[in-house]
Amino acid sequence: MDRTVRLWKIPEETQLVFRGHHAAIDCVSMVNEECFVSGSQDGALSLWSTKKKKPLSVIKAAHGLRDTGDANWVSSVAAYRYGDIFASGSCDGVVRLWNWEHASPKAFKSAEIPMEGFINDMCFSLSGKYLFAATGQEHKFGRWFKAPRGVNGLGIVRLPTKSQNN
């Protein structure tokens with residue numbers, strides 16, 4: 001819980017340490033060999049380059065605020081490999097899809113998909129046509145909160161293709 005992301009360079013027996021979150025990091029997903037996205041208990045999503053020690057882009061309170069004024073924890077992220085889209089999940093019962101521009105590493109929200117409960121894990125299909133989301137009544141790492149209407153299950157979302165968006 002040192003608020004770092006570590007990228008291990010196995011042949012060299014070294015590691016790169018990335019700092020930028022203000023709380024424990026719950027999830028990381030590689031976009032490609034040079035970029036990755038992370039989510040934290042501070043409520044932020046960060047987009048990183050393996051060539052820089054600080055985030056390229058940070059989205060604070062990516063899933064809004066709780067009644068206490070604290071940000072909802074980001075409990076899961078998934079990136080479509082070699083693409084320009086990633087997803088984030090939290091206790092708010094919403095999967096958020098984000099697009100990012102490679103030239104200027106800024107992310108912007110492109111869609112919200114409601115689900116019941118905590119979004120505890122996600123992954124894209126190899127084709128990028130589907131997003132799979134594991135949902136639960138409680139956070140994947142403990143029982144701090146409970147989503148009363150939460151469902152322990154798997155949500156399968158068919159994503160629109162670029163031709164469907166036109």
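Quantities reported herein were computed from a predicted structural model and do not represent experimental measurements.

1. A look at the pattern of salt bridges
The tally for this structure, following the rule as stated, stands at seven salt bridges. For Asp70, the salt bridge is made with Arg66, and the minimal N-O distance between the two is 3.7 Å. The class of Asp70 is partly exposed, set by a relative accessible area of 43%. On the basis of relative accessible area, Arg66 is assigned to the partly exposed category, the value being 22%. Of the charged contacts in the structure, one is a salt bridge between Asp92 and Arg96, with a shortest N-O distance of 2.6 Å. Three or more residues are tied together by salt bridges with common partners; here these are Asp92, Arg96, Lys109 and Glu112.

2. Brief notes about the packing of aromatic side chains
Counting across every chain of the model gives six aromatic pairs. Plain terms: the ring middles of Phe18 and Phe36 are 5.2 Å apart, the flat faces sit at 75° to each other, and that makes the pair edge-to-face. Note that Phe18 is positioned in strand 2 (residues 14-19) and Phe36 in strand 4 (residues 35-40), a separation of 18 residues in sequence. Its relative accessible area of 1% is what places Phe18 among the buried residues. Judged by its relative accessible area of 2%, Phe36 is buried. Geometrically, the ring pair formed by Tyr130 and Phe132 is stacked, given 6.5 Å between the ring centres and 25° between the ring planes.

3. A word on the pairing of strand 2
Bridge analysis of strand 1 (residues 4-9) against strand 2 gives six bridges, and the strand direction is antiparallel. Residue Lys9 lies in a different strand from strand 2, and its bridge partner there is Thr14. Hairpin connection of strand 1 to strand 2: four residues between the antiparallel strands, including Glu13 at a positive phi of 55°.

4. Observations concerning a positive patch on the surface
Together, Lys9, Arg19, Lys53 and Lys54 give the surface a local cluster of positive charge. Residue placement: Lys9 occurs in strand 1.

5. Regarding the sheet that holds strand 12 (residues 130-136)
Taken together, three strands build an open sheet; the order of strands is 11-12-13 and the sheet is antiparallel. Single-partner strands in this sheet number two, and they are strand 11 (118-124) and strand 13 (153-158). Averaged over neighbouring strand pairs, the angle between their axes works out to 25° when direction is ignored.

6. Quick look at unusual backbone geometry
Of note in the backbone geometry, Arg3 takes a positive phi value of approximately 60° without being a glycine. Turning to its location among the elements, Arg3 is positioned in the segment before strand 1.

7. Examining the sheet that holds strand 3 (residues 25-30)
Read across the sheet, four strands follow the order 3-4-5-6 without closing on themselves; strand pairing throughout is antiparallel. Looking at the sheet topology across the chains shown, the edges are occupied by strand 3 and strand 6 (57-59). Here the strands of the sheet are splayed against their neighbours by 20° on average, with no regard to which way each runs.

8. Quick notes on the environment of Ala79
Of note, Ala79 is situated in strand 7 (residues 74-79). Taking C-alpha positions, Ala79 is 9.0 Å from Met122, a pair spaced 43 residues apart along the chain. In this structure Ala79 touches Ser29, Met30, Val31, Val37, Ile85, Phe86 and Phe124, once residues within four positions along its chain are discounted.

9. Notes on the side chain of Ser38
Looking at the secondary structure, you find Ser38 in strand 4. In terms of polar contacts, Ser38 uses its side chain to reach the side chain of Trp48, at 2.8 Å.

What counts and how
- Residues numbered from 1 in each chain as written.
- Predicted model: local features only at pLDDT ≥ 70, side-chain atom pairs only at ≥ 80, totals over all residues.
- Heavy atoms only, no water.
- Salt bridge = Lys/Arg side-chain N within 4 Å of Asp/Glu carboxyl O.
- Buried < 20%, exposed > 50% of the residue type's maximum accessible area, 1.4 Å probe, protein only.
- Phe/Tyr/Trp six-rings, centres within 6.5 Å; stacked < 30°, edge-to-face > 60°.
- Helix = DSSP H or I, 4+ residues; strand = E, 2+ residues; numbered from the N terminus.
- Pairing = 2+ DSSP bridges.
- Patch = residues over 30% accessible without salt bridge, like charges linked within 9 Å, V, L, I, M, F, W, Y side chains within 5 Å.
- Areas by Shrake-Rupley, 256 points an atom, 1.4 Å probe, with all protein chains shown as cover.
- Lys, Arg positive; Asp, Glu negative; His and termini not counted.
- Charge placed at Lys NZ, Arg CZ, Asp CG, Glu CD.
- Axes fitted to C-alpha atoms, helices over the stretch in contact; angles between N-to-C directions.
- Contact = heavy atoms within 4.5 Å.
- Polar contact = N/O pair within 3.5 Å; in protein donor to acceptor, adjacent residues only side chain to side chain.

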